[in-house]
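# Overview (structure and organization)
The primary structure of each chain is shown beneath.
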Amino acid sequence: MAYQLDPRITNREFKLLLKPEGLDQRSQINRLIHLINAFCETSKVDLLSIDNAATSLRNVYFYDSKGHDLRRHKVILRIRESRRTVWVDDWCEVTLKCRADNFDHAISLDPTPKSVYHVKLRFKEELLRADSIGSVRKIYSNNAILDSVPSDEVFERNFGAIIETFPGLAGLKIPLKMPMPVVGGSSNKILEALLPMGNLVFGEGVQAHLDVSIWMRSVGEPIIGELAYAYRVTDANRDNVKAHKLADKFFVSLQQAIPKWLSDGSTKTALIFGKPE
């Protein structure tokens, strides 16, 4: 069967969960970076370093009903607040996504918002580790990402208020007055540290940014890590089958190169909701 990406896919993301123990220590991150660099050399995949790469911090939290009605429909409403050390910015990123292992389900929801703020629409093919080292599982994520939304305009009211911004949700069988609080309570905000590690070169027009991230309850309390790389799929590189295949092969081989670092599970979000994706 010919290798072919669906023309509606705009991004590909490859994600590996990492064990959290000690991951917030710089020495551990340095060891991981050393392993990745050595692996890239043996794999003959160039890793281009980023000058002055710095760790960024942000708060991450989710809105849903107490019964996780959005989640039941494969819908995720996520907020990211950038921060500088202890100081949180006055704006945030709002993402609505329908994420499912079924392509047709993911694309059936229109996440397009009704908003004055800048929006990016992305349909992502996400590749995860399945049950064993060297395995692959695909899920699909249909995203609308709103940039620079003032934090005081972010909703914590009810489903009807969310529909005002995301009218594509109107078809879900959820009562309009259903409260939609922060999942786990208003204090259940994750502190995420994100470190860019460089750009992986898989072929002409196919460069993936490689990052390592840590989710923490608070500083010194990591709960999960993630090693991920991602790239845009465009008209210019969509037919570069060799590069896409190399990205896939790299993902499988990377698991086999760092098995002791890998954690079981599907996604970071699944940990918050307590249900696998």
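Rules used throughout
- Residues numbered from 1 in each chain as written.
- Predicted model: local features only at pLDDT ≥ 70, side-chain atom pairs only at ≥ 80, totals over all residues.
- Heavy atoms only, no water.
- Salt bridge = Lys/Arg side-chain N within 4 Å of Asp/Glu carboxyl O.
- Buried < 20%, exposed > 50% of the residue type's maximum accessible area, 1.4 Å probe, protein only.
- Core = buried A, V, L, I, M, F, W, Y, C linked by side-chain atoms within 4.5 Å.
- Helix = DSSP H or I, 4+ residues; strand = E, 2+ residues; numbered from the N terminus.
- Contact = heavy atoms within 4.5 Å.
- Expected span 1.5 Å × (residues − 1).
- Arc of directions from axis to C-beta.
- Pairing = 2+ DSSP bridges.

### Comments concerning the pattern of salt bridges
One pass over the full model with this rule turns up 19 salt bridges. A salt bridge links Asp 89 to Arg 84; the shortest N-O distance between them is 2.4 Å. Asp 89 gets classed as buried once you look at its relative accessible area, which sits at 13%. A relative accessible area of 56% means that Arg 84 is categorised as exposed.

### A closer look at the nonpolar core
Grouped together as the largest cluster of nonpolar side chains are 42 residues, with contacts concentrated most on Ile 36, Leu 200, Phe 202, Leu 227, Tyr 229 and Phe 250. Of all the elements in the fold, those that place two or more residues in this core are β1 (11-18), α1 (26-43), α3 (103-108), β6 (119-128), β8 (190-203), β9 (206-216), β10 (222-232) and α5 (241-257). Setting aside residues no more than four positions away along its own chain, Ile 36 makes contact with Leu 47, Met 197, Leu 210, Leu 227 and Leu 254. In this structure, Leu 77, Leu 146, Val 149 and Ile 163 belong to the second largest nonpolar core, which totals 24 residues.

### Considerations on unusual backbone geometry
A positive phi angle, near 60°, is found at Lys 44, a position not held by glycine. Structurally, the position occupied by Lys 44 is in the loop between α1 and β2 (46-48). Residues other than glycine seldom take positive phi values, yet Ser 148 does so here, at roughly 50°. Examined against the element boundaries, Ser 148 turns out to sit in strand β7 (residues 137-150). For Ser 148, a relative accessible area of 44% puts it in the partly exposed group.

### Digging into α1
Between its first and last C-alpha, α1 extends 25 Å over 18 residues, near the 26 Å set by a 1.5 Å rise per residue. By the burial criterion, the buried members of α1 are Gln 28, Ile 29, Leu 32, Ile 36, Phe 39 and Cys 40. Projected down its long axis, α1 carries its buried residues within an arc of 110°, all on one side. In this structure, α1 carries His 34, Glu 41 and Thr 42 as exposed residues pointing more than 90 degrees from its buried face. Looking one or two residues past α1, Lys 44 carries a phi angle of roughly 60°, positive in sign.

### A word on the pairing of strand β5 (residues 87-100)
With 10 of its 14 residues buried, β5 lies for the most part within the structure. Both strand β4 (residues 75-84) and β5 contribute to a ladder of nine bridges, which runs antiparallel. Each bridged residue has a counterpart across the sheet, and for Arg 80 the counterpart in β5 is Glu 93. Hairpin geometry of β4 and β5 is characterised by an intervening segment of two residues between the two adjacent antiparallel strands and by a positive phi of about 50° at Thr 85.

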